[in-house]
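Close look at the chain arrangement
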Amino acid sequence: MHRSEALDLVACLSCGAEVSLGVDRVFPVTEDAALCFACAVRRGGSYSESHDRWTHAPNLNDLRDLTPDL
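Figured I'd write up the structure that's included with this text. (Residues numbered from 1 in each chain as written. Predicted model: local features only at pLDDT ≥ 70, side-chain atom pairs only at ≥ 80, totals over all residues. Heavy atoms only, no water.)

**Thoughts on the pattern of salt bridges**
Evaluated as defined, the whole model comprises two salt bridges. Linking R25 and E49 is a salt bridge whose minimum nitrogen-to-oxygen distance equals 2.9 Å. Remark: E49 occurs in the loop between strand 5 (46-48) and strand 6 (53-56) and R25 occurs in the loop between strand 2 (18-20) and strand 3 (27-30); sequence separation between them is 24 residues. (Salt bridge = Lys/Arg side-chain N within 4 Å of Asp/Glu carboxyl O. Helix = DSSP H or I, 4+ residues; strand = E, 2+ residues; numbered from the N terminus.)

This is the structure:
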């Protein structure tokens, strides 16, 4: 793993799984925080494969206490 890839890793705000902001399909919450794909979908998020973007944001209400930047 390159050093730049290691710096890109963060823990999913919901389940704690290690994800890459630049490689994995995550829902970005802030510049340094994200939800993994599974947690984002479980929280009601919808991802469009054909448009390669999130079409409906997941529910982040209970994460606001953990991430003051929200």
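Now, onward.
**Observations concerning the nonpolar core**
The tendency in soluble globular proteins is for nonpolar side chains to be buried as a group. Core analysis: the biggest nonpolar cluster contains 16 residues, and F27, V29, L35 and L60 have the highest contact counts within it. Mapped by element, the contributors of at least two residues to this core are strand 3, strand 4 (33-35) and helix 2 (37-42). It is strand 4 that provides the largest number of residues to this core, a total of three residues. Once residues lying within four places of it in the same chain are set aside, the contact partners of L35 are C12, L13, S14, V26, F27, V29, A40, R43, P58, L60 and L63. (Core = buried A, V, L, I, M, F, W, Y, C linked by side-chain atoms within 4.5 Å. Buried < 20%, exposed > 50% of the residue type's maximum accessible area, 1.4 Å probe, protein only. Contact = heavy atoms within 4.5 Å.)

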